[in-house]
Amino acid sequence: MPYPEEAQGFMIDSPDTWLSFQKRHYKLKPFEDYDVDVKVEACGICGSDVHTISGGWGSNQNWPLCIGHEIVGTAIKVGPKVTNVKVGQRVGVGAQVFSCGECKQCKNDNETYCPNIIMDTYGSKWPETGIISQGGYSSHVRAHEHWVFAIPEKLKTNSVAPMLCAGITVFSPLVRNGAGPGKKVGIVGMGGIGHFGIMFAKALGAETWAISRTRAKEADARKIGADGFIATCEEGWEKEHQFSFDLIVNCANSSKNFDLAKYLSMMDVHGRWVSVGLPEEEGQVIKAQNLISNGVLIGASHLGSRKEMIRMLNLAADKGLDSWVETIDINEENLKEAMQRMKKADIRYRFTLTGYDKAFPDA
């Protein structure tokens, strides 16, 4: 059965077969007054996609799954109460597609922290119907208008796609924690999220430092905008930076051999250490003794609000910012290859899936 009752996408059945993508039809939730249907034209591959289907974040998922939550496409249908989106408009959808809209958090631009109902773009169960949300490795997605974003004309489709999750994941803690002129900001982890952290911290006007295990990516970091580079494999790497950072955003995808105390020693008094990377292994041990010398504040961040998403997209358009992406046509074999490369961190620095017209010719 074709759209609008169903979409078609590449699905995974379990972590045991996480590299075996099967193209299938599946049900979309019933269309409602505030819904927008998007015909997908590109989708970024996020690290969370790999963690989810490989079982790295646990196998208790609503299988089978069509993953993908860095979606760009064309709005082809809007509900009668939709005001943010028009048919024919190029739009993006990120990692969530619904929240309650009524609680304190939703009304205070903290909707990604809604305690009542959060619908992830894929893998969540819609209330009442029990239909599982499915993502952007597909012909179509359906989302509430609040979670659908107009894409500025200056931004290229393939470049903007990864900003819809990786970009906003690091942009939100940057702006919420004062990154800007006169501030020294560090970005730990020069990967898919981290390269956006450097890009956006610099665009916001902060003195920006990349922090990585080795100097292998130093040239890339400086091209993206880093003012300085710290390699943690070097003896005494932290000493000349003690009490100097106002904010460090940890984008690292692994916590192995991670000497947290040395990182925290670089924070200014009441500086902020904010984590956005979600490693599969256990995190670092946090000792109060390591916090006292500079009163460092430790926290985390989850995606970002609609207002922050719009601000990020406009900043990228105004500054001419481009993701570092490699494009790959969406099909079974290419998805298998991309997942394996993502698992090995063999990408600088994001994949964007293209070729949707060939994969879904009847969509």
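Cut-offs applied
Residues numbered from 1 in each chain as written. Predicted model: local features only at pLDDT ≥ 70, side-chain atom pairs only at ≥ 80, totals over all residues. Heavy atoms only, no water. Core = buried A, V, L, I, M, F, W, Y, C linked by side-chain atoms within 4.5 Å. Buried < 20%, exposed > 50% of the residue type's maximum accessible area, 1.4 Å probe, protein only. Helix = DSSP H or I, 4+ residues; strand = E, 2+ residues; numbered from the N terminus. Contact = heavy atoms within 4.5 Å. Pairing = 2+ DSSP bridges. Right-handed = clockwise from strand over helix to strand, strands pointing away. Axes fitted to C-alpha atoms, helices over the stretch in contact; angles between N-to-C directions. Parallel < 35°, antiparallel > 145°, perpendicular 65-115°, else oblique. Nonpolar A, V, L, I, M, F, W, Y, C, P; charged D, E, K, R; others polar. UniProt positions renumbered as here; feature names shortened; annotations may be inferred. Phe/Tyr/Trp six-rings, centres within 6.5 Å; stacked < 30°, edge-to-face > 60°. Domains from an automatic or database assignment. Buried area = accessible area lost by both parts, 1.4 Å probe.

Okay, the nonpolar core next. Membership of the largest hydrophobic core comes to 50 residues, with the highest contact counts inside it found for L174 and F200. Those elements that provide at least two residues to this core are α4 (166-176), β10 (184-188), α5 (194-203), α6 (218-224), β12 (228-231), β13 (245-250) and α9 (306-319). Not counting the four nearest positions on each side in its chain, L174 is found in contact with A179, V185, I187, G197, F200, A201, L204, L247 and V249. Core analysis: the second largest hydrophobic core is formed by 46 residues, V36, W126, V148 and L353 among them.

This part takes up the pairing of strand β16 (residues 325-329). The sheet contact formed by β16 and strand β17 (residues 350-354) spans 5 bridges and is parallel. Along β17, the bridge assignment pairs V325 with R350. Taken together, β16, helix α10 (residues 332-343) and β17 constitute a β-α-β crossover, and its handedness is right-handed.

Here helix α1 (residues 47-54) crosses α10 at 100°, and the two axes come no closer than 10 Å. Classed by the angle they form, the pair α1 and α10 counts as roughly perpendicular. Facing α1, whose interface residues are G47, V50, I53 and S54, α10 presents M339, M342 and K343. Along the lines of polarity and charge, the residues of the contact of α1 with α10 split into 4 nonpolar, 2 polar and 1 charged.

The next thing to look at is the UniProt feature "coiled-coil region" (unreviewed entry) in the chain. Under the UniProt annotation, "coiled-coil region" (unreviewed entry) lies at residues 321-348. Across residues 321-348, the secondary structure splits into 43% helix and 18% strand, with the terminal C-alpha atoms separated by 16 Å.

By secondary structure assignment, the location of I12 is in the loop between β1 (6-11) and β2 (22-27). Note on I12: relative accessible area 0%, which makes it buried. Not counting residues within four places of it along the chain, the set of residues in contact with I12 comprises T17, W18, L19, S20, F21, I53, W63, P64 and L65.

All chains considered together, the criterion is met by 11 aromatic pairs. Look at F258 and W273: their rings are 6.2 Å apart centre to centre, the planes differ by 70°, and that puts the pair in the edge-to-face class. Of the two residues, F258 is situated in the loop between β13 and α7 (260-264) and W273 in strand β14 (residues 267-275); the sequence distance between them amounts to 15 residues. Summarising the burial analysis for this pair, F258 and W273 share the class buried. Measuring from centroid to centroid gives 5.5 Å for Y263 and W273, while their planes differ by 65°, and the two rings are edge-to-face. Of this pair, Y263 sits in helix α7 while W273 sits in strand β14, placing them 10 residues apart in sequence.

The positions that UniProt labels "domain: Alcohol dehydrogenase-like N-terminal" (unreviewed entry) are, in the present scheme, residues 34-153. Here residues 34-153 is 10% helix and 32% strand, with 24 Å between the C-alpha atoms at its ends.

Let us look at the pairing of strand β4 (residues 71-78). Relative to β4, strand β3 (residues 35-45) is paired through 7 bridges, and the arrangement is antiparallel. Paired with V40 across the strands is G73, a residue of β4. Two strands pair when backbone bridges link them, and β4 and strand β5 (residues 90-93) are joined in this way by 4 bridges, in the antiparallel orientation. When the bridges of β5 are listed, T74 appears paired with R90.

Our next topic: the domain arrangement of the chain. Note: interface size is frequently given as the accessible area lost on complex formation between the parts. Taken as a whole, the chain is organised into domain 1 (6-165 + 305-315 + 322-359) and domain 2 (166-300). When each unit is reduced to the centre of its C-alpha atoms, the spacing between domain 1 and domain 2 is 27 Å. Contact residues are listed per partner, giving 25 residues for domain 1 and 27 residues for domain 2. Roughly 2200 Å² is buried in total at the junction of domain 1 and domain 2, and carbon and sulfur atoms are behind 59% of that figure.

Okay, the sheet that holds β14 next. Read from one edge to the other, the open sheet built from 6 strands follows the order β12-β11-β10-β13-β14-β15, with strand pairing classed as parallel. Strands at the two margins of the open sheet, each flanked by one partner only, are β12 and β15 (297-300). Taken pair by pair, the neighbouring strands of this sheet meet at an average axis angle of 20°, ignoring direction. Here β10 runs beside β13; their pairing, made up of 4 bridges, is parallel. For G186, the partnering residue across the bridge sits in β13 and is I248. The sheet strands contacting α4 are β10, β13 and β14, and the helix crosses β13 at an angle near 160°.

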